[in-house]
Amino acid sequence: MKRLLAILLLCWIPALAQAEPLRLEAQFGSCKYGLAANGIWHNEAMPTDIDLRSSCWQLGVSQVPWKYRGLDLGWRVAYVDLGRYKADNIFAMRDDEQFTGVSGDDCDTDSKRGCLGRGKINGRTRGVSIGAVAERPLGSVRLGLEAGGYFYYNRFSVTVTAHPDESAWRSMSFTWGDIHATPYLGATAKYGYLFATSRFYGHVRAGEHDCGGCSGITHGPAWQLTAGIQV
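What comes next concerns the included structure. (Residues numbered from 1 in each chain as written. Predicted model: local features only at pLDDT ≥ 70, side-chain atom pairs only at ≥ 80, totals over all residues. Heavy atoms only, no water.)

## Brief notes about the pairing of strand β5 (residues 116–138)
- Pairing of strand β4 (residues 71–92) with β5 involves 20 bridges; the strand directions are antiparallel. Across the sheet, Val80 pairs through a bridge with Gly127, a residue of β5.
- For β5 and strand β6 (residues 141–163), the ladder comprises 23 bridges, and the chain directions are antiparallel. Looking across to β6, one finds that Ile121 is bridged to Val158.
- If you look at the hairpin formed by β5 and β6, you'll find two residues sitting between the two strands, and Gly139 has a positive phi there, around 70°. (Pairing = 2+ DSSP bridges. Helix = DSSP H or I, 4+ residues; strand = E, 2+ residues; numbered from the N terminus.)

Here you go:
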């Protein structure tokens with residue numbers, strides 16, 4: 001049975017390629033992550049420097065071999081790098097003191113009660129998107145809609161030092177990451193070889209499965225706006 005499916009697949013792919021050529025795409029642009037809730041590696045009552053905007057890029061291949069009621073239907077597979085994010089925040093070292101107005105003046109270095117920390121954070125998200133495409137020409141412009149799933153790896157790392165006196169206790173570093181999935185919706189426009197994409201990702205987060213407390217500063221929707229070429 002597996003051999004028969006493989007033969008059918010090998011016959012089907014060339015047939016599609018002959019009916020409608022594969023299109024190669026390369027795009028670069030800007031992306032923005034969603035911020036985790038207040039108290040997760042940041043506290044709005046304390047100094048923060050959070051940058052969740054990043055340069056990002058996408059390399060893809062697509063094909064629209066089918067037609068339905070004036071629409072060209074097909075698929076798109078792409079490698080999507082949503083870019084790097086970073087932050088430099090001050091926060092209470094204990095979760096139960098995040099919103100109690102800790103000043104750091106009465107810091108117990110053993111239990112970290114009453115202590116403030118400074119977290120230097122960075123991370124990155126990259127993965128593969130697989131989705132369906134519907135396109136329609138409008139004059140010299142080809143407009144499209146797409147929807148599918150984004151399977152990504154989000155890496156999060158942070159180095160925490162004592163604040164305001166960095167020598168009060170030894171710094172701590174943590175790194176974690178895992179594979180996640182989220183749906184996405186997108187719109188595309190093509191003029192000649194110029195190709196632009198706008199995407200909305202439902203939930204892009206930093207976190208590790210089966211690890212209590214291993215959650216990063218990115219959480220929620222993410223946005224992408226890229227432009228490049230399609231040949």
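## Brief notes about the pairing of strand β9 (residues 222–230)
- Where strand β1 (residues 23–32) meets β9, eight bridges bridge the pair, whose relative direction is antiparallel. Counted as the bridge partner of Gly29 is Thr226 from β9.

## A few points about the packing of aromatic side chains
- Under the criterion given, the structure shown has 11 aromatic pairs.
- On the numbers, 6.5 Å between centres and 40° between planes, the contact of Trp41 with Trp176 is tilted. Placement of Trp41 in the loop between β1 and β2 (50–51) and of Trp176 in strand β7 (residues 172–191) is noted, with a sequence separation of 135 residues between them.
- Overall, the relative accessible area of 9% leaves Trp176 in the buried class.
- For the pair Tyr150 and Tyr152, a centre-to-centre distance of 5.4 Å together with 20° between the ring planes defines the contact as stacked. For the pair shown, Tyr150 and Tyr152 are each scored as buried.
- The structure contains a cluster of three or more aromatic residues connected by ring pairs, namely Trp41, Phe91, Phe156, Phe174 and Trp176.
- Cation over ring: Lys112 sits above Trp169, and NZ or CZ is 5.0 Å from the ring centre. (Phe/Tyr/Trp six-rings, centres within 6.5 Å; stacked < 30°, edge-to-face > 60°. Buried < 20%, exposed > 50% of the residue type's maximum accessible area, 1.4 Å probe, protein only. Lys NZ or Arg CZ within 6 Å of the ring centre and 35° of its normal.)

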